[in-house]
Amino acid sequence: MENRERAITEALEVLSTHLKDIERVSQWAEFMGYNDTVRFSRLFRNYFRKTPKSVMDNIKLDKAIELLTSPEDLSCYEVAWEIGKRDEHALFHFVKRMTGRAPTDFSSRKPRTYKYC
């Protein structure tokens with residue numbers, strides 16, 4: 001990781017590149033080279049007019065739905081891992097909190113009982 005602060009305009013690219021590794025805004029700030037999470041958050045809000053947390057959650061949700069609806073037969077654990085969640089239970093709670101629906105509601109294939117979500 002670099003010590004210099006990257007331009008805030010690069011924040012979305014950095015998040016997309018490191019989606020698996022970034023779970024919190026503080027980690028995102030570190031990947032961007034910011035030692036101060038508050039400074040990163042303030043610059044982010046001023047530039048994008050949204051909080052880093054809300055943007056991060058929306059990007060992770062979009063990616064999760066993309067993977068759940070893809071023709072690949074990914075397990076919920078694999079989808080969770082791809083968006084930086086620890087397991088399928090964390091994925092379930094995240095998707096449910098964000099959409100009010102279970103992850104399997106987004107899948108075009110018939111849900112299997114062993115997928116746990």
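Residues numbered from 1 in each chain as written. Predicted model: local features only at pLDDT ≥ 70, side-chain atom pairs only at ≥ 80, totals over all residues. Heavy atoms only, no water.

**Observations regarding the nonpolar core**
Filter applied, for reference: Here, nonpolar core refers to any group of buried Ala, Val, Leu, Ile, Met, Phe, Trp, Tyr and Cys residues whose side-chain atoms link them within 4.5 Å. With a 1.4 Å probe rolled over the protein chains alone, any residue whose accessible area is under 20% of its type maximum counts as buried; one over 50% counts as exposed, and the rest are partly exposed. A helix here means a DSSP run of H or I that spans at least four residues, while a strand means a run of E at least two residues long, and both kinds are numbered starting from the N terminus. For this analysis, residues touch if any pair of their heavy atoms sits within 4.5 Å.
Counting residues in hydrophobic clusters, the biggest one holds 28 residues, and the most contacted among them are W28, M32, F40, F44, V79 and L91. Secondary-structure elements contributing two or more residues to this core are α1 (11–17), α2 (25–31), α3 (37–48), α4 (52–69), α5 (76–82) and α6 (88–99). Counting residues per element, this core draws most heavily on α4, which supplies 6 residues. Leave out the neighbours within four places in its chain, and W28 touches A11, L12, V14, L15, I22, F40, F44, P52, V55 and M56.

**A look at the pattern of salt bridges**
Inclusion rule: Here, a salt bridge means any Lys or Arg side-chain nitrogen found within 4 Å of an Asp or Glu carboxyl oxygen.
One pass over the structure, following the stated rule, counts 5 salt bridges. Here D57 and K53 are joined by a salt bridge, their closest N and O atoms 3.1 Å apart. Residue D57 and its partner K53 are located together in helix α4, separated by 4 residues, close to a single helical turn. For D57, a relative accessible area of 6% corresponds to the buried category. For R97, the salt bridge goes to D57, with nearest N and O atoms at 3.7 Å. Taken together, the residues span a long stretch of sequence, with R97 in helix α6 and D57 in helix α4 at a distance of 40 residues. Members of the salt-bridge network, linked through shared partners, are K53, D57 and R97.

**Remarks on the confidence of the model for the protein**
Let me state the cut-off plainly: pLDDT is defined as a per-residue confidence score from the predictor, taking values between 0 and 100.
Residues of the protein with pLDDT of at least 70 account for 89%, and the chain-wide mean is 89. Within the model, pLDDT remains below 50 along residues 113–117, and this stretch shows 14 contacts once partners closer than five positions in the same chain are excluded.

**Considerations on the packing of aromatic side chains**
Rules: Here is the rule: rings of Phe, Tyr and Trp (six-membered ring for Trp) pair when centre to centre is within 6.5 Å. Planes less than 30 degrees apart are stacked, more than 60 are edge-to-face, and the remainder are tilted.
In total, this model carries 6 aromatic pairs according to the counting rule given. On the basis of an interplanar angle of 45° and a centroid distance of 5.9 Å, the ring pair of F40 and F44 is categorised as tilted. Placement of both F40 and F44 in helix α3 is noted, with a separation of 4 residues, approximately one turn of the helix. When the centroid spacing of 4.8 Å and the interplanar angle of 80° are considered together, the rings of Y47 and F48 count as edge-to-face. Here Y47 falls in the partly exposed class, since its relative accessible area comes to 48%.

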